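Architecture at a glance
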Amino acid sequence: ANGRVPFIAGNWKMNLDHLQSIAFVQKLAWSLKDARLDFDGVEVAVFPPFTDLRSVQTLVAADKLPVKYGAQDVSAHDAGAFTGEISGAFLKALDCEYVIIGHSERRTLHMEDDALVAAKVKAALKYDVTPVICVGETAEDLAEHGPSAVPVAQLTAALEGVGAGADIVVAYEPVWAIGSGQAATPEQAEQVAAALRAVVAESIGADAAAATRILYGGSVKSGNIAGFMRQPNVDGALVGGASLDVAEFSSISRFQ
Ligand code: PEP
């Protein structure tokens, strides 16, 4: 909406190994080309596991595929004694354009708090990798605080210390909608997306707010994507389960 290029992002989570990733990305690119997707009109990205990224990079570069890719997490640190961590520098070296930060599964299963999310956002930006900052409320938060309070607080914290005009993407993902089959309504997504755009304006400036893509995530599928894309403040989707099926993800990328 408002001149922002729609962004459809597929979060594979811990699914598809590097061989499967090659087959998937090839089939996805064919499907999108067959459907004559206008690649200037929509940006499509996949977020495979770390171990797939080199394969995806090689394939996308060799065949000039119109599919972007990114990682699902990044370390807050640059390098050193951090066993198991992956630095933003390594992601940049693999030409990752994006990295998901603060996904609810990392916040809950890996105890990531707002301070760590903010540090990771800065680490990504330092290496010129665009963070896809995930925020969202649980069902309990929704009952207790209403729809916007928790996502607004999480995004405010994530943008703490981030410079004006930073290149970011925001994903509003109500935790109760993730993997549940029960998506938010387009109107609910729009209400929170508008509140999040105001946070971006307050934190990093009005120009950045006008340019920032705000995605909705949580049980998106081909049958409900169109309603979200009609909302003025919703600029795309972060898709989990439905991103693992080439035909389904291709349909979502065409908003149908
Ligand atoms: C997600 O985990 O980012 C997500 C949106 O999952 P799903 O589409 O499966 O609800």
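This text follows the structure it describes.
First, a word on scope: everything that follows refers to the structure included in this document. Not measured: the values here are computed from a predicted model. (Residues numbered from 1 in each chain as written. Predicted model: local features only at pLDDT ≥ 70, side-chain atom pairs only at ≥ 80, totals over all residues.)

**Comments concerning unusual backbone geometry**
Unusually for a residue other than glycine, Lys64 sits at a positive phi of about 50°. Note on placement: Lys64 falls in the loop between helix H2 (53–63) and strand S3 (68–71). On the basis of neighbour counts, which here come to 7 C-beta atoms within 10 Å, the residue Lys64 falls in the exposed class. (Helix = DSSP H or I, 4+ residues; strand = E, 2+ residues; numbered from the N terminus. Buried ≥ 20, exposed ≤ 12 C-beta atoms within 10 Å, placed from the backbone.)

**Observations concerning the sheet that holds strand S4 (residues 98–101)**
Here eight strands make up a closed barrel; going around it, the order is S1-S2-S3-S4-S5-S6-S7-S8 and the pairing parallel. Neighbour-to-neighbour, the strand axes of this sheet turn through a mean angle of 25°, independent of strand direction. (Pairing = 2+ DSSP bridges. Axes fitted to C-alpha atoms, helices over the stretch in contact; angles between N-to-C directions.)

**Some thoughts on the pairing of strand S1 (residues 7–11)**
Counted residue by residue, S1 has five buried out of five residues, so it is predominantly covered. Side chains Phe7, Ala9 and Asn11 of S1 all project onto a buried face; the interleaved residues Ile8 and Gly10 project onto the opposite face, where all are buried too. Pairing of S1 with strand S2 (residues 43–47) involves five bridges; the strand directions are parallel. Each residue of the ladder has a partner; that of Ala9, found in S2, is Ala45. Handedness of the β-α-β unit built from S1, helix H1 (residues 18–34) and S2 comes out right-handed. Bridging between S1 and strand S8 (residues 236–239) involves four bridges; their strand directions are parallel. Across the sheet, Ala9 pairs through a bridge with Leu238, a residue of S8. (Right-handed = clockwise from strand over helix to strand, strands pointing away.)

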